[in-house]
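# Overview (structure and organization)
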Amino acid sequence: MAKGLWMVKGNKRLFLKLLVDYRKDYRGICQRLEKLQKAGDTETLERLAHTIKGMAGTLGEVVGSLFIGFSYLLAFYIFN
């Protein structure tokens with residue numbers, strides 16, 4: 001959490017808003033990624049995975065960011 005606060009220059013209100021938005025926007029993300037993969041929509045899959053990775057990094061979720069980053073790379077190599 002300290003990294004996330006650092007990323008938003010200590011703005012706790014902004015940090016809380018980002019956390020709430022992240023939870024709302026990415027609820028059910030695994031199902032969305034799976035549907036994209038099954039549909040063969042690699043462009044959207046890559047863009048969404050990259051966005052999630054960036055948001056997770058901004059929020060200080062280092063482990064989540066690394067996991068999503070790995071998933072992003074895996075998806076990229078599977079489909080290319």
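For the structure, check the block above.
The notes below deal with the structure included here. Note that the coordinates shown come from a computational prediction; the quantities given were computed from them, not determined experimentally.

Calculation criteria
- Residues numbered from 1 in each chain as written.
- Predicted model: local features only at pLDDT ≥ 70, side-chain atom pairs only at ≥ 80, totals over all residues.
- Heavy atoms only, no water.
- Helix = DSSP H or I, 4+ residues; strand = E, 2+ residues; numbered from the N terminus.
- Buried < 20%, exposed > 50% of the residue type's maximum accessible area, 1.4 Å probe, protein only.
- Contact = heavy atoms within 4.5 Å.
- Salt bridge = Lys/Arg side-chain N within 4 Å of Asp/Glu carboxyl O.

Broken down by element type, the chain carries five helices and zero strands. Counted from the first residue to the last, the chain has its helices and strands arranged as α-α-α-α-α. By the burial criterion, 28% of the 80 residues in the chain qualify as buried. Here the analysis covers contacts within the chain between residues at least 6 apart in sequence; of these, 48% occur between residues at least 24 apart.

Per the stated rule, a full pass over the model turns up three salt bridges. Residue Lys38 pairs with Glu34 through a salt bridge whose shortest N-O separation is 3.3 Å. Residue Lys38 and its partner Glu34 are both found in helix 3 (residues 29–39); the two are separated by four residues, about one turn of the helix. Note that Glu43 and Arg47 form a salt bridge whose closest N and O atoms lie 3.8 Å from each other. Note that Glu43 and Arg47 are positioned in helix 4 (residues 42–58) at a spacing of four residues, about one turn of the helix.

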